[in-house]
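Close look at the chain arrangement
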Amino acid sequence: MRILIVQPALPSYRVPFFQSLFERYGDRLQVLYSPADLGQVTSSVKSIYPWAKKVGPLRSIAGGVEWQDGVVTTPLQPADVLVVCGAPRTISTLLLLWRARRAGAKTIWWGQYWCATTKRHRFLLRVALMRLADSLLFYTKDEAAKFQSDGWRHSGYVNGLDNGIDVSKITPRRVSYRADERGRNILFIGRLTDKSRLEVLVESLRDIRGGKVRLHVIGGGKNEERLKRLALELGVHEQIEWHGEIVEEEDIASIANSCALFVYPGQVGLSLIHGMAYGLPSVVHNQPLHHMPEIAAFRAGVTGESFEEGSSVSLGRTLTYLLNFGSEREAMSVQCYSIVEERFNTQKMIENFSDSIDKMAVI
């Protein structure tokens, strides 16, 4: 049995997951991916891995439809398990699923059930196209449960990966959370795109009571210069430290361990898991359907607090409240890294992924 995984890109945060899969399955594993420019998360991946095979680019054809060069002709055998990225707009993926069925290979649709950018008609199309695969693997177990509780059915095995990160480099670097040692430092990690809505956080700095805070921004992107101009216009530029794109965990740890809170004002995804892995109480907006699937790790009042989506005033009030109650933050910190270590990490992902593969092997 070979395990063939087709991905649109190879970001650095996925490398430990695929490497761990390779250590389990050996040469039977192959990951096909396209070159992509996602900033440091792709440019920092320079090593040649025995499990990785670069194919052609992911190209936009027309009307949002995409084509991934070099995947449709992938040789398939009846004993293979093909795992595809659940992107209904990628026509090459759909053709590859059809070819796999013709060849007698087993298939797994690995993707999101619902996310912040989902439109109703695209969602219905996605659910319909899922039937092309023998099994479904959602980003989280919460999504798998929601798929079934919403009344959808699939003839194959439905599972959740619980998308997380490699905590092996974080755990030894994480410093125990003592509220009186964290000051009024807050952390943002993510790409500076429209999705992050970082302008809401910049604007909220005017509304935080009890003293000035220090905002640490890890990440870069197309909106960086616009955000810096906004901070200057609002008079809060001296409260922000722009660290740029950082991928080395040692450098991230030196910043995260000095912070009291993790804040993501937009559509949070894997960045939430990163902040929680450092035991940072998290602040996100209050509309779960406008987040990415990783919001499943968040528990309002347990791992952090939420604010009214898009409101800098509401965010300012929430930050004021949390910064003034250190004992609550310490309790939240314990819950944050406990949830990550119990569910949202690479080792648990391997177990959940292998569970789906094992089911394919006996069907």
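Residues numbered from 1 in each chain as written. Predicted model: local features only at pLDDT ≥ 70, side-chain atom pairs only at ≥ 80, totals over all residues. Heavy atoms only, no water.

**Let's talk about the packing of helix H9 (residues 270-277) against helix H11 (residues 326-342)**
For the pair H9 and H11, the least separation of the axes is 8 Å and the interaxial angle reads 120°. Handedness of the H9/H11 crossing: left-handed. Along its contact with H9, which presents Ile-273, Met-276 and Ala-277, the element H11 presents Cys-336, Tyr-337, Ile-339 and Val-340. Partitioned by chemical class, the residues of the contact of H9 with H11 number 7 nonpolar, no polar and no charged. (Axes fitted to C-alpha atoms, helices over the stretch in contact; angles between N-to-C directions. Helix = DSSP H or I, 4+ residues; strand = E, 2+ residues; numbered from the N terminus. Left-handed = near helix turned anticlockwise from the far one by under 90°. Contact = heavy atoms within 4.5 Å. Nonpolar A, V, L, I, M, F, W, Y, C, P; charged D, E, K, R; others polar.)

**A few points about the packing of aromatic side chains**
Under the definition given, this model contains 14 aromatic pairs. Taken together, a centroid distance of 5.6 Å and an interplanar angle of 50° make the contact between Phe-18 and Trp-51 tilted. Taken together, the residues span a long stretch of sequence, with Phe-18 in helix H1 (residues 15-25) and Trp-51 in the loop between helix H2 (40-43) and strand E3 (52-54) at a distance of 33 residues. Overall, the relative accessible area of 0% leaves Phe-18 in the buried class. Judged by its relative accessible area of 0%, Trp-51 falls in the buried class. Between Tyr-113 and Phe-123 the ring centres are 5.2 Å apart and the planes differ by 75°, which places this aromatic pair in the edge-to-face class. With a gap of 10 residues between them, Tyr-113 in the loop between strand E7 (106-111) and helix H4 (120-129) and Phe-123 in helix H4 connect regions that are remote in the sequence. Under the relative-accessibility criterion, Phe-123 is labelled buried at 3%. Among the aromatic residues, ring-to-ring pairing joins Phe-17, Phe-18, Tyr-49, Trp-51, Trp-110 and Phe-353 into one connected group. Just above the ring of Tyr-337 sits the side chain of Arg-174; from NZ or CZ to the centre is 4.3 Å. When the ring centre of Tyr-157 is taken as reference, the NZ or CZ atom of Lys-359 above it lies at 4.7 Å. (Phe/Tyr/Trp six-rings, centres within 6.5 Å; stacked < 30°, edge-to-face > 60°. Buried < 20%, exposed > 50% of the residue type's maximum accessible area, 1.4 Å probe, protein only. Lys NZ or Arg CZ within 6 Å of the ring centre and 35° of its normal.)

**Remarks on the pattern of salt bridges**
In the structure shown here, the tally under the stated rule is 14 salt bridges. In this structure, Arg-343 engages Asp-142 in a salt bridge whose closest nitrogen and oxygen atoms are separated by 2.8 Å. Placement of Arg-343 in the loop between H11 and helix H12 (346-362) and of Asp-142 in helix H5 (residues 141-149) is noted, with a sequence separation of 201 residues between them. Among the salt bridges present, the one from Lys-359 reaches Asp-355, with a minimum N-O distance of 3.1 Å. Taken together, the residues span about one helical turn, with Lys-359 and Asp-355 both in helix H12 at a distance of 4 residues. (Salt bridge = Lys/Arg side-chain N within 4 Å of Asp/Glu carboxyl O.)

**Some details on the sheet that holds E7**
Across the sheet, 7 strands lie side by side as E3-E2-E1-E6-E7-E8-E9; this open sheet has parallel pairing. The two strands at the open ends of the sheet, each matched to only one other strand, are E3 and strand E9 (158-160). For this sheet, the mean inter-axis angle between neighbouring strands, taken without regard to orientation, is 20°. As paired strands, E7 and strand E8 (residues 135-138) are joined by 4 bridges and run parallel to one another. Directly across from Gly-111, in E8, lies its bridge partner Phe-138. Docked against the sheet, H1 engages strand E1 (3-7), strand E2 (29-33) and E7, running at close to 150° with respect to E2. (Pairing = 2+ DSSP bridges.)

**What about the pairing of strand E4 (residues 58-62)?**
In this sheet, strand E5 (residues 65-68) lies alongside E4 in antiparallel orientation, the contact comprising 4 bridges. Across the sheet, the residue bridging to Ala-62 is Val-65, located in E5. In this structure, the hairpin formed by E4 and E5 is closed by a connection of 2 residues, where Gly-63 is found at a positive phi of approximately 60°.

**Thoughts on the side chain of Asn-345**
Here Asn-345 shows up in the loop between H11 and H12. Asn-345 sits in the buried class, given a relative accessible area of 6%. Among the polar contacts made by the side chain of Asn-345, one reaches the main-chain carbonyl oxygen of Glu-341 at a distance of 3.0 Å. The residues contacting Asn-345, other than those within four sequence positions of it, are Asp-162, Gly-164, Ile-165, Val-167 and Val-340. (Polar contact = N/O pair within 3.5 Å; in protein donor to acceptor, adjacent residues only side chain to side chain.)

**A look at the sheet that holds strand E12 (residues 240-244)**
Within the open sheet, the 6 strands sit side by side as E12-E11-E10-E13-E14-E15. Their pairing is parallel. If you trace the sheet from one side to the other, it starts and ends with E12 and strand E15 (304-307), each paired once. Each strand axis lies, on average, 25° off the axis of its neighbour in the sheet, ignoring direction. The pairing of strand E10 (residues 185-189) with strand E13 (residues 261-263) spans 2 bridges and is parallel. Directly across from Leu-187, in E13, lies its bridge partner Phe-262.

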